[in-house]
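A look at the structure
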There are 2 protein chains.
Amino acid sequence: MNAEPQPARVGRTSPYPSRLPEGSSERFLSRDVPTVWTEGAAGPLEARELAHFAKEGFHASPSFFAPADVAAMQIELEAQLAWARANADDPRVILEPGSDAVRSIFAVHETSERFAGLARDPRLLGLARQILGDEVYLHQTRLNLKPGFDGKEFWWHSDFETWHHEDGMPTMRCFSCVVALSEITEHNGPVMFVPGSHQTFVSCVGETPDANHERSLRAQTIGVPSREAIATLVERHGLVAPKGPAGTVILFDCNLMHGSGGNVTPLPRHHLFFVYNAMSNRVGPPYSARHPRPEHIATRTKITPLIDAS
Amino acid sequence: MNAEPQPARVGRTSPYPSRLPEGSSERFLSRDVPTVWTEGAAGPLEARELAHFAKEGFHASPSFFAPADVAAMQIELEAQLAWARANADDPRVILEPGSDAVRSIFAVHETSERFAGLARDPRLLGLARQILGDEVYLHQTRLNLKPGFDGKEFWWHSDFETWHHEDGMPTMRCFSCVVALSEITEHNGPVMFVPGSHQTFVSCVGETPDANHERSLRAQTIGVPSREAIATLVERHGLVAPKGPAGTVILFDCNLMHGSGGNVTPLPRHHLFFVYNAMSNRVGPPYSARHPRPEHIATRTKITPLIDAS
């Protein structure tokens, strides 16, 4: 990993080069911006929790939402899933590779009033503002479904690598909030984090094809580190998979390396994702793609600061 | 699950009917034989460990083998794997479905003196005799390989269902001994048990095609319970996946429902299996197959009681 990579040929010059031409060498770059953008600011997280998020790149809060709230979310999940099955050709609906099962539904804050309201839950927004030190907006929302017996894997990746190169997100002032809509156990394909890996940006080899998202959301092959790079990170940092009952909330930094296995158990693993981005970190032109991804995958024109739901 | 299933049409009448004609209903039968066949007999397991094995159907002993012993086993594993790659058309070598990766190597007690000796380790034989209350022989041995990144799942099944119907094993007086040749973590596709499920025999629907093992060892589709049956068992009993460093030993009853997911981590999960059967439980004609499986999968002609390695 010594050769000097060339910046991607398409788009703006990036401080985090990736999508390098074939034959380039991967490179590990040290993060040059904070993970927690406030210092001692009041908010829902205690100082030790903020310190953990800064060091490990994630925070897990089991049973964040009460059972009654979760039950309502699960009903909404079923409604969204019914809609998606009936509208499988809607661009927001992503099917599993090689099957008609629904893998993801994007932009649920547009198709679901309940989820749109949940994204503005004052406690979640409090977390987001405390970590990002700014007003925030939703860069992306989605449901990731991993049904019992059939749930498929998500390959290792840093979200920021894609959000930077395909969406034009300037820097790592953004995180994902997972709301677990089913119990997360060690068995049913939990998200695995490489804790601390958010401090390293991995420059990936492989240029961005046009309309890459049409493939990458089913099975990502561009913007993913080599097996050697993943093995190196796991050897350095290990792996951790937070668990908890439905209603658990997990926050993780946009540059944290993560992935998950399939699900052969009867127990579904359904996650609702809200991606909070700092207003000051709003997207510009992509760094490595000819065309930005569509609005339902990466908010571009509808950027407005979120206001607490009443 | 109420209709009376017909006994399989091929082979002997079975006390554990399975391989039922299409259209039959699955049935849950209560186990009618012990799990631990001695009472208070002296042996390596303490009374509470024996009681746990009887109740849950498994016993895990982390770090059973010392690191130096494990290192020698890992070298032998590499040698066996090199042999298998060079002899991929040997019937003992099973490849992954849709790839040239080695999934399993059968009859390693024949191809490896070291593993043959290990199967006669006095401590392992002590465990086997204590649980089975008899002299024991090797019904089957194999390496199950689950390499980092690429390791594939093993679908839910009871070994006894196959060993009874395809191999003619009379009753549940048999267990598997896993020797972990790599660390077992929650992340790299550990074997998951449905604890206590060994008390239930699930009659499966689907008759046995000729030479079923040529397919089933890559991906089992015959002799597996329905999804509903698996979900029922998991709802009743939960799931548990023992972990431990390389050198860990896990014993589990022949009728314990188990399976495992794929492995997307960089960490391999390689298991050596010794299947100990009671001499009094030696196999006869199959209950539901026209022809017995070959000797390298199910010992039939070379049945001799194991003698402690010196």
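Rules and cut-offs
Per chain, residues are indexed from 1 in the order of the written sequence. Chain letters start at A and ligand numbers start at 1, both assigned in the order the entries are written. Where totals are concerned, whole chains, interfaces and linings use all residues; where local detail is concerned, this predicted model gives features only for residues with pLDDT of at least 70, and gives and counts side-chain atom pairs only at 80 or more. Each side-chain value is worked out from all heavy atoms of the structure, with water and hydrogens disregarded. Least squares is the method used to superpose the copies, on C-alpha atoms of residues holding a pLDDT of at least 70 in both. Here a residue-residue contact requires only that any non-hydrogen atoms of the pair lie within 4.5 Å. Confidence of the prediction at every residue is given by pLDDT, a number between 0 and 100. One bridge is not enough; two strands pair if DSSP finds at least two bridges between them. Each helix corresponds to a stretch of at least 4 residues labelled H or I by DSSP, and each strand to a stretch of at least 2 residues labelled E; elements are numbered beginning at the N terminus. When accessible area is computed with a 1.4 Å probe and restricted to protein chains, residues below 20% of their type maximum are described as buried, those above 50% as exposed, and intermediate ones as partly exposed. Counting of polar contacts relies on pairs of N or O atoms within 3.5 Å, with two restrictions inside protein: one atom must be capable of donating a hydrogen and the other of accepting it, and residues adjacent in sequence are counted only when both atoms are side-chain atoms. Here the expected span of a helix is defined as 1.5 Å times the quantity of residues minus one. Our arc is simply the arc of the directions from the helix axis toward the C-beta atoms.

Time to look at the relation of the copies chain B and chain A. In screw terms, the move from chain B to chain A is a rotation of 180 degrees and a rise of 0.0 Å along the axis, fitting with an RMSD of 0.0 Å. What we have between these two chains is a two-fold relation. Mapped onto chain A, 100% of the interface residues of chain B again fall at the interface, so both copies present the same surface.

Attention now moves to the confidence of the model for chain A. When pLDDT is averaged along chain A, the result is 93, and 96% of the positions lie at 70 or above. Both confidence scores are given for the complex: pTM 0.92, ipTM 0.89.

Right, let's talk about the sheet that holds strand 8 (residues 192-193) of chain A for a bit. Strand order in the open sheet made by the 3 strands is 6-11-8 (chain A), with antiparallel pairing throughout. Whereas interior strands pair on both sides, the edge strands pair on one side only; in this sheet they are strand 6 (154-157) and strand 8 of chain A.

All names here are of chain B. One can find T38 in the loop between strand 1 (27-30) and helix 1 (47-56). By relative accessible area, which is 18% here, T38 ends up buried. At a separation of 2.5 Å, a polar atom in the side chain of T38 contacts the main-chain carbonyl oxygen of Q130.

Moving on: helix 2 (residues 67-86) of chain B. Residue and element names in this part refer to chain B. End to end, helix 2 covers 29 Å across 20 residues, agreeing with the expected 28 Å (1.5 Å per residue, within 8%). Every buried residue of helix 2 is listed here: V70, M73, E76, L77, Q80, L81 and A84. Taken down its axis, helix 2 places every buried residue within 145 degrees of arc, on the same side. Along helix 2, the residues that are exposed and aim more than 90 degrees away from the buried face are A68, I75, R85 and A86. Elements that come into contact with the buried residues of helix 2 comprise strand 3 (93-95), strand 4 (102-106), helix 3 (108-111), helix 4 (113-119), strand 5 (136-144) and strand 7 (174-180).

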